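Commentary on secondary and tertiary structure
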Amino acid sequence: MKKVVIVSSSPRKNGNSEILAFEAAKGAKDAGNEVEILLLRDKTINFCRGCLACQKMLKCVIKDDMAEMIEKVRNADTVIFATPIYYYEMSGQLKTFLDRCNPIYPQVYAFRDVYLLSSSAEEGQNAAERAVSGLKGWIECFEKAKFAGAFNAGGVTAPNDVLKNAEMLKAAYDMGRNI
Ligand SMILES: Cc1cc2nc3c(=O)[nH]c(=O)nc-3n(C[C@H](O)[C@H](O)[C@H](O)COP(=O)(O)O)c2cc1C
């Protein structure tokens, strides 16, 4: 059994990437893992101030919802990030979350496999290329972690659009199931 944390960054309820996140959670639970989904749309997260106090204090000086989420990510075996594609990159919400994980950098962390789920108006996997690349940069900074896979649901625009596409839902489910 693995501890799986899924971080969903769509600001929209029933956002397509959020639906993918829940499908992956279902798959991961069906495979016997312990799963928790963090919905960033319910949280208060401020920008990193770049003060680097976290590198000595091992915690952030900003008092918001990141403190408990950082610990959840740090102690997870597997992390799945889910994001809408905004201007061919990950959402600002997810980038801010990744920046705010900086207190983990000097610490011991459990996570090894890191995945990305995304959704875009444009069809195909290419729309997520730069988001994948951005996440890989983050992963590179955590030596023991590795990029484990990505899936983009392309051709979806309005909330719930992805529900019409069983193949895409299955791809997200399978990502979770095969963790
Ligand atoms: C600010 C903004 C920028 C976007 N930029 C892109 C883009 O560059 N390429 C694309 O294919 N879709 C783009 N979209 C469409 C979203 O990626 C698409 O609607 C996606 O399904 C949203 O995910 P969500 O439902 O999880 O929020 C953009 C949407 C917004 C609001």
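Our subject is the structure that appears above.
A brief report on the enclosed structure follows. (Residues numbered from 1 in each chain as written. Predicted model: local features only at pLDDT ≥ 70, side-chain atom pairs only at ≥ 80, totals over all residues. Heavy atoms only, no water.)

Details of the pattern of salt bridges
Just so we agree on the cut-off: The term salt bridge refers to a side-chain nitrogen of Lys or Arg lying within 4 Å of a carboxyl oxygen of Asp or Glu. The buried label goes to any residue with under 20% of its type's maximum accessible area, the exposed label to any with over 50%, and the partly exposed label to all in between, with areas taken from a 1.4 Å probe on protein chains only.
Scanning the model with the defined rule gives 11 salt bridges in all. Between Arg 41 and Asp 42 there is a salt bridge, and its shortest N-O distance comes to 3.7 Å. The class of Arg 41 is partly exposed, set by a relative accessible area of 30%. Salt bridges sharing common partners tie together Glu 18, Arg 41 and Asp 42.

Here's the deal with the sheet that holds strand S1 (residues 3–8)
Formally: Whether two strands pair depends on DSSP finding at least two bridges between them. Counting from the N terminus, the helices are DSSP H or I runs at least four residues long and the strands are E runs at least two residues long. To obtain each axis, a line is fitted to C-alpha atoms, and for helices this fit is confined to the stretch in contact; angles are then taken between N-to-C directions over 0 to 180 degrees. We call two residues contacting when some pair of their heavy atoms lies within 4.5 Å.
The parallel open sheet is built from 5 strands, whose spatial order is S2-S1-S3-S4-S5. The open sheet is flanked by strand S2 (34–39) and strand S5 (146–154), the only strands paired with a single partner. Here the average twist between neighbouring strands, direction ignored, is 15°. In terms of strand pairing, S1 meets strand S3 (residues 78–84) through 5 bridges, oriented parallel. When the bridges of S3 are listed, Val 7 appears paired with Phe 81. Each of S3, strand S4 (113–120) and S5 is contacted by helix H5 (residues 129–140), which is oriented at about 155° to S4, the strand it contacts most.

Quick look at the site of the ligand
Formally: Any residue with a heavy atom positioned within 4 Å of a molecule or strand is treated as near that molecule or strand. Throughout this description, a polar contact denotes any pair of N or O atoms lying within 3.5 Å of each other; where both atoms belong to protein, one of them has to be capable of donating a hydrogen while the other can accept it, and for residues adjacent in sequence the pair is counted only when both atoms sit in side chains. Calculation of accessible area relied on Shrake-Rupley with a 1.4 Å probe; when residues are assessed, cover is drawn exclusively from the protein chains displayed. Nonpolar residues are Ala, Val, Leu, Ile, Met, Phe, Trp, Tyr, Cys and Pro. Charged residues are Asp, Glu, Lys and Arg, and all others, Gly as well, are polar.
Close contacts around the ligand come from 16 residues, with Ser 10, Arg 12, Asn 16, Ser 17 and Ile 85 the closest. One of the side-chain nitrogen or oxygen atoms of Arg 12 is found 2.7 Å away from an oxygen atom of the ligand. At 3.2 Å, a backbone N or O of Ala 121 approaches an oxygen atom of the ligand. The fraction of the free accessible surface of the ligand (640 Å²) that becomes covered by protein chains is 79%. When contributions to the shell around the ligand are tallied by element, the ones reaching two or more residues are helix H1 (16–30) and S4. Considered class by class, the residues forming the shell around the ligand number 7 nonpolar, 7 polar and 2 charged.

Limitation: the analysis is restricted to geometry and does not speak to function.
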